[in-house]
Amino acid sequence: MKARFSPLQTIAILLLAVMAVLVIVVPLLPIYDPYGQNLSDSLLPIGGRSFNGHFYLLGTDTLGRDMLSRLALAGQVSTLIGLSAVAVSLVIGVTLGLIAGYFRGPIEAIIMGLADLQLSIPRVLLLIAVTAIVGPSVAGLAIILGVTSWVSYGRVARGMTLSLREREFILSARVQGASAVWNIRQHLLPNVLPQMLIVASYEFGMIIVLEASLSYLGLGVQPPLPSWGMMVAEGQNYLALAPHLAIMPSIALFILVIGFQFLSQAFTKENDLEMVA
Amino acid sequence: MTDAAIAAEATPTTALDRVPVLSVHNLCIEVKTPDGERVELVRDVSFDVNEHEVLGLVGESGSGKSLTMLAVLGLLGSGLRIVSGSIRLRGQEITNLSFHEMQKIRGKAVSIIFQDPLTTLNPVLRVGKQVAEAIRLHNPDKGEAEIKARVIELLSLVGIPNPERRYSQFPNEFSGGMRQRVVIAMAMANEPDLLIADEPTTALDVTIQAQVMEVLAEVRARTGAAMVLITHDLGLVSEYADRLAVMYSGRIVEQAPSAELFASPRHPYTAGLIASLPQLERKVETLYSIPGFVPDPRKRPTGCAFAPRCAIANGRPLCLSQSPDLESIGANRAVACHYSAETAAWSTAYQAKLENVATETPLPVRKQGDGTTVLRASNLSKVFTVRGKGLQRSKLYALRNVSFDLKAGKTLGIVGESGSGKSTLARVLLRLAEAGGGEVYLNGSPLFSLRGRELRQRRRDLQVVFQDPYSSLDPRMKIHDVIAEPLRIAGSYSAERVNQLLEHVGLTAAAGQRRSPEFSGGQRQRIAIARSLALNPDVLILDEAVSALDVSIQAQIINLLKKLQQDLGLTYVFISHDLSVVRHICDEIAVMYLGRVIEYASTEAVFSTPAHPYTRGLLAAIPRIGMWPHGKGLLARGDLPNPMKPPSGCAFRTRCPMATALCAENEPVLSDHAETSHLSACHFALA
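Residues numbered from 1 in each chain as written. Chains lettered and ligands numbered in written order. Predicted model: local features only at pLDDT ≥ 70, side-chain atom pairs only at ≥ 80, totals over all residues. Heavy atoms only, no water.

A. Spotlight on the side chain of B:Thr207. All names here are of chain B. With respect to the helices, strands and loops of the structure, Thr207 is situated in helix α9 (residues 206-223). A relative accessible area of 1% means that Thr207 is categorised as buried. Other than its neighbours up to four places away in sequence, Thr207 contacts Glu417, Leu618, Ala621, Ala636 and Arg655. (Helix = DSSP H or I, 4+ residues; strand = E, 2+ residues; numbered from the N terminus. Buried < 20%, exposed > 50% of the residue type's maximum accessible area, 1.4 Å probe, protein only. Contact = heavy atoms within 4.5 Å.)

B. Examining unusual backbone geometry more closely. Residue and element names in this part refer to chain B. A positive phi angle, close to 50°, is found at Arg90, a residue other than glycine. Relative to the helices and strands, Arg90 is located in the loop between β4 (80-89) and β5 (92-93). Phi angles above zero are rare outside glycine, and Asn401 is one such case at about 50°. For Asn401, the location among the structural elements is in strand β14 (residues 393-407). Under the relative-accessibility criterion, Asn401 is labelled exposed at 54%.

C. Representation of a negative patch on the surface in the model. Residues and elements named next belong to chain B. A cluster of acidic residues, Glu40, Asp44, Asp325 and Glu327, forms a negative patch on the protein surface. Structurally, Asp325 can be placed in the loop between α13 (317-321) and β11 (327-328). Judged by its relative accessible area of 48%, Asp325 falls in the partly exposed class. (Patch = residues over 30% accessible without salt bridge, like charges linked within 9 Å, V, L, I, M, F, W, Y side chains within 5 Å. Areas by Shrake-Rupley, 256 points an atom, 1.4 Å probe, with all protein chains shown as cover. Salt bridge = Lys/Arg side-chain N within 4 Å of Asp/Glu carboxyl O. Lys, Arg positive; Asp, Glu negative; His and termini not counted. Charge placed at Lys NZ, Arg CZ, Asp CG, Glu CD.)

D. Representation of the interface of chain A and chain B. Listed per partner, the contact involves 19 residues of chain A and 28 residues of chain B. In total, chain A and chain B occlude about 2000 Å² of area from one another, counting both sides; carbon and sulfur atoms represent 53% of this. For chain A, the biggest contributors to the area lost against chain B are A:Glu168, A:Val175 and A:Gln176; these three give 37% of the whole. On inspection of chain A and its partner chain B, the count reaches 1 salt bridge. A:Glu166 is paired through a salt bridge with B:Arg427; the nearest N and O atoms lie 3.4 Å apart. (Buried area = accessible area lost by both parts, 1.4 Å probe.)

E. Region of interest: the nonpolar core. Residues B:Ile184, B:Ile529, B:Leu561 and B:Phe574 are the most contacted members of the largest nonpolar core, which totals 143 residues. Not counting chain neighbours up to four residues away, the residues in contact with B:Ile529 comprise B:Val465, B:Val505, B:Ile557, B:Leu560, B:Leu561 and B:Leu564. Listed in part, the 55 residues of the second largest apolar core include A:Leu58, A:Leu68, A:Leu90 and A:Met248. (Core = buried A, V, L, I, M, F, W, Y, C linked by side-chain atoms within 4.5 Å.)

F. Structural detail: the packing of aromatic side chains. Residue and element names in this part refer to chain B. Applying the stated criterion across every chain, the model contains 11 aromatic pairs over all chains. Ring plane angle 10° and centroid distance 5.6 Å describe the contact between Trp346 and Tyr350, whose orientation is recorded as stacked. Here Trp346 pairs with Tyr350, and both are found in helix α14 (residues 343-359), just 4 residues apart, close to one helical turn. A residue is classified by how much of its surface remains accessible, and Tyr350, at 10% relative accessible area, is buried. These aromatic residues form a ring-pair network of at least three members: Tyr248, Tyr269 and Phe306. Above the plane of the ring of Tyr167 lies Lys148, whose end atom (NZ or CZ) is 4.6 Å from the centre. The ring of Phe174 is capped by Arg166, whose NZ or CZ atom sits 4.2 Å from the centre of that ring. (Phe/Tyr/Trp six-rings, centres within 6.5 Å; stacked < 30°, edge-to-face > 60°. Lys NZ or Arg CZ within 6 Å of the ring centre and 35° of its normal.)

G. Broad picture of empty space enclosed by the protein. Residues and elements named next belong to chain B. Here the structure, examined in full by the defined rule, presents 8 cavities of 30 Å³ or more. What the largest cavity holds in volume is close to 80 Å³. Looking at the largest cavity, the residues that line it are Arg43, Tyr248, Arg251, Ile252, Val253, His267, Cys304, Ala305, Phe306, Ser323, Pro324 and Ala336. The biggest single contributor to the lining of the largest cavity is strand β10 (residues 251-257), with 3 residues. Partitioning the lining of the largest cavity into residue classes produces 8 nonpolar, 2 polar and 2 charged. (1 Å grid on protein atoms, 1.4 Å probe; cavity = no way out; pocket = protein on both sides within 12 Å on 5 of 7 lines; lining within 4 Å. Points joined across faces, edges and corners; volume = space filled by probe spheres on them. Nonpolar A, V, L, I, M, F, W, Y, C, P; charged D, E, K, R; others polar.)

H. Representation of the state of the cysteines within the structure. Taken as a whole, this structure holds 0 disulfides over all chains when the rule is applied. Looking at the unpaired B:Cys304, the closest cysteine sulfur is the one in B:Cys319, lying at 6.2 Å. (Disulfide = S-S within 2.5 Å.)

I. Focus on the pattern of salt bridges. Under the defined criterion, the tally for this structure stands at 28 salt bridges over all chains. Two residues, B:Glu53 and B:Arg243, come together in a salt bridge whose shortest N-O distance is 2.5 Å. Of the two residues, B:Glu53 is situated in the loop between β2 (38-49) and β3 (54-58) and B:Arg243 in strand β9 (residues 243-248); the sequence distance between them amounts to 190 residues. Ionic contacts of the salt-bridge type, sharing partners, join the residues A:Arg104, A:Glu108 and A:Arg158 into one network.

J. Here's a closer look at helix α3 (residues 105-120) of chain A. All names here are of chain A. Look at α3: 23 Å from first C-alpha to last across 16 residues, which is about the 22 Å you get at 1.5 Å a residue. By the burial criterion, the buried members of α3 are Glu108, Ile111, Met112, Ala115 and Gln118. Angularly, the buried residues of α3 cover 110° about the axis, an arc narrow enough to put them on a single face. Seen from the buried face of α3, the exposed residues on the opposite side, beyond 90 degrees, are Pro106, Ala109, Ile110, Leu117 and Ser120. On the buried face of α3, the contacting elements are α2 (67-103), α4 (123-134), α5 (138-147) and α6 (151-164). (Expected span 1.5 Å × (residues − 1). Arc of directions from axis to C-beta.)

Shown next, in the form of structure tokens:
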């Protein structure tokens with residue numbers, strides 16, 4: 001029915017559209033090879049043209065690689081890691097949260113104790129420890145990030161389940177002989193899921209930042225594969241000479257994260273309205 | 001502003017005592033929907049409230065009664081707007097006042113008491129401070145000690161014991177009735193000229209309601225404030241209001257002095273409402289029910305808004321084409337109906353029909369079971385352990401030795417105030433909560449030892465309809481799927497069965513394709529009933545199943561339940577706090593107090609010769625049409641005692657007008673006192 005977007009939604013959509021162009025459209029264009037080194041073209045500024053006539057829209061890095069194509073590739077890597085990690089944590093968190101909330105008792109105590117334990121260990125420290133042992137890889141990074149960030153989904157899902165399980169449509173179903181699996185699948189999951197998507201859009205931003213910080217520390221994505229965090233780390237040595245090396249990936253990171261934050265807020269507002277109506 | 005209002009403003013007020021306290025003229029309130037559509041919610045409403053008078057504003061939900069009074073307070077929410085009309089408070093026009101000017105009037109000249117004392121009071125502020133705030137706002141120069149003294153005076157005025165100690169307590173240390181007294185104290189703090197009471201006792205138990213209304217009458221008598229009493233409860237207004245205005249779909253349809261209105265209603269809606277009230281005094285086979293439901297303000301019919309539901313309109317062209325104006329008929333009376341002259345004849349004819357049914361044909365014999373016991377509860381008990389401070393644990397006896405025996409095709413009423421354990425009983429019967437002791441036998445076999453699959457099979461014979469029609473349906477599901485759910489669980493789904501069930505409860509198969517938010521409360525309750533019937537249960541537990549519904553809708557659902565019982569041979573456990581409804585539908589009644597059954601007998605016996613003083617107190621506390629003043633001596637005093645620390649001996653003795661030393665020592669057993677099978681638990685049970 002409604003075709004109009006709220007201001008918040010509009011901003012979120014615009015920001016994410018910019019990111020979509022960078023991550024999806026740019027790689028399709030005839031751009032330079034992100035791995036292609038050209039030492040003679042190194043450290044060109046934004047819009048810089050080399051002596052042999054190569055044009056670099058966003059300049060080049062220390063090894064003369066095209067910043068635009070590296071930024072796009074890094075964006076793909078980050079988004080991929082972010083989405084898979086969110087998927088992993090969503091599945092774990094929702095499952096544990098629904099189980100804890102529906103069955104209560106010792107099961108709930110164990111699951112929520114696990115959540116507390118998880119929160120009491122600093123996540124970055126844990127990630128550093130794990131990557132140090134297992135060794136860094138894109139898939140590994142996604143799984144580790146996912147497994148360690150289920151708590152917010154679990155908490156919210158449990159909280160909602162606690163109030164939903166006393167709602168009369170669930171009591172009715174129980175009286176009619178519905179099993180726990182039936183109630184969780186038919187009633188709880190569909191009612192909890194919209195809220196979970198809000199949590200997910202918020203968590204996505206967190207995970208992207210976390211991945212960037214790990215890569216910055218050299219524990220995340222490994223070269224020659226680029227990552228925004230790694231690009232910032234490389235660029236910081238040249239802040240005075242070529243500030244765009246560190247600034248460009250930072251801006252990209254900022255746009256993606258703030259876009260998802262706004263999206264999450266827009267979702268929240270819309271859902272509040274639905275509850276009132 | 002209308003011409004009349006401007007004219008009135010121009011002429012100086014001559015005698016102040018002739019000026020009504022509140023005078024509302026041609027008030028129209030509009031809401032702007034998100035789609036930009038403008039909808040009139042209050043239409044051309046005019047009324048006066050005179051000095052010392054109580055005006056009852058009656059109507060079903062959505063009639064615009066609360067909105068009208070919020071407009072008087074200048075508290076209309078965003079999106080709502082006064083389009084035209086005037087509101088004068090002691091002759092002063094207030095519709096054009098600024099927010100600041102209005103603030104000076106609110107709480108000073110006019111104040112309001114809301115329905116729910118739990119949300120009216122701020123839970124983190126001490127009660128005394130909150131009352132003091134009401135005083136300080138309008139008397140900034142008063143000293144701290146002076147204000148405190150006034151607060152304590154106010155608290156004792158509204159009947160709060162130990163006001164000095166209560167002053168520094170928090171709202172959670174007060175019971176519901178006591179909280180509402182605090183709210184009354186706040187409202188009366190500046191001795192306003194006009195008090196607006198918006199459903200002031202709807203959230204309270206009936207014995208507490210009587211006490212609170214009493215307090216309200218006392219403080220009004222003292223300050224001489226006029227009052228507007230907004231309520232859906234016709235019995236309540238008939239006792240406490242001098243004059244009534246009945247609202248329907250945003251308009252006032254009838255205005256009359258209270259006694260005259262009930263004696264001879266002139267609008268068919270008023271007549272229908274009165275006819276659809278279950279009466280305490282007598283039992284009828286079917287209640288009158290106004291067909292249909294209140295129209296959506298966006299889709300009001302042309303002509304008279306009530307015409308589609310009216311027993312008199314009969315599709316007459318005038319009713320369908322032209323909306324009747326509120327016209328004065330005789331002194332102090334006005335009605336908005338083209339054919340108001342015919343209402344009296346309709347009422348008489350309807351009454352005659354009822355009496356004919358009552359005298360000529362004794363109640364038709366129901367399709368009854370063979371007198372076998374379907375549901376038997378024996379010595380049910382349930383104890384909750386409540387955590388206190390630190391390691392303290394106290395026990396709350398929610399059920400104590402509850403037993404009953406229910407025959408096929410009969411209805412057992414479980415009656416009691418909140419905290420009496422009636423809802424716990426429902427949960428224990430349904431095995432939604434585990435009992436601490438005792439056993440339930442369904443069709444002769446015990447229920448409590450069942451586990452897993454066996455339990456899921458057997459509990460299908462015992463179904464439930466809950467109170468809240470809004471939370472009992474999954475908002476994400478289509479109605480067809482809601483009703484199909486039990487069938488799908490049992491693996492016996494067929495679309496025809498679902499349509500048949502919809503038809504049983506008076507809905508069409510087409511309704512199944514819509515989702516629950518599109519339905520009104522009464523329709524949702526029909527859907528919940530259809531779902532509970534899906535697996536052909538023997539027993540239906542109706543947990544306050546009609547309590548949340550408007551009067552006209554309540555009558556529809558009660559009639560539906562009675563019809564279903566006859567057609568399907570169902571057995572009901574009817575849990576309710578409303579004795580007049582219970583009287584109407586039940587064969588036997590068990591009255592509960594603090595987890596215990598204190599009287600158990602046939603409906604006739606309970607109403608004609610109530611044996612327990614608590615039952616008599618309950619009966620006396622029910623406001624009813626034309627029965628003022630009620631037997632005050634019978635009213636239960638004070639509040640329900642703390643269930644964690646029940647009084648020694650008889651739990652009711654602290655509130656009982658008859659209690660003696662014996663009552664504090666021995667707990668009376670539930671036993672026969674007079675004729676057979678009239679059980680009561682009182683040392684002084686009346687024969």
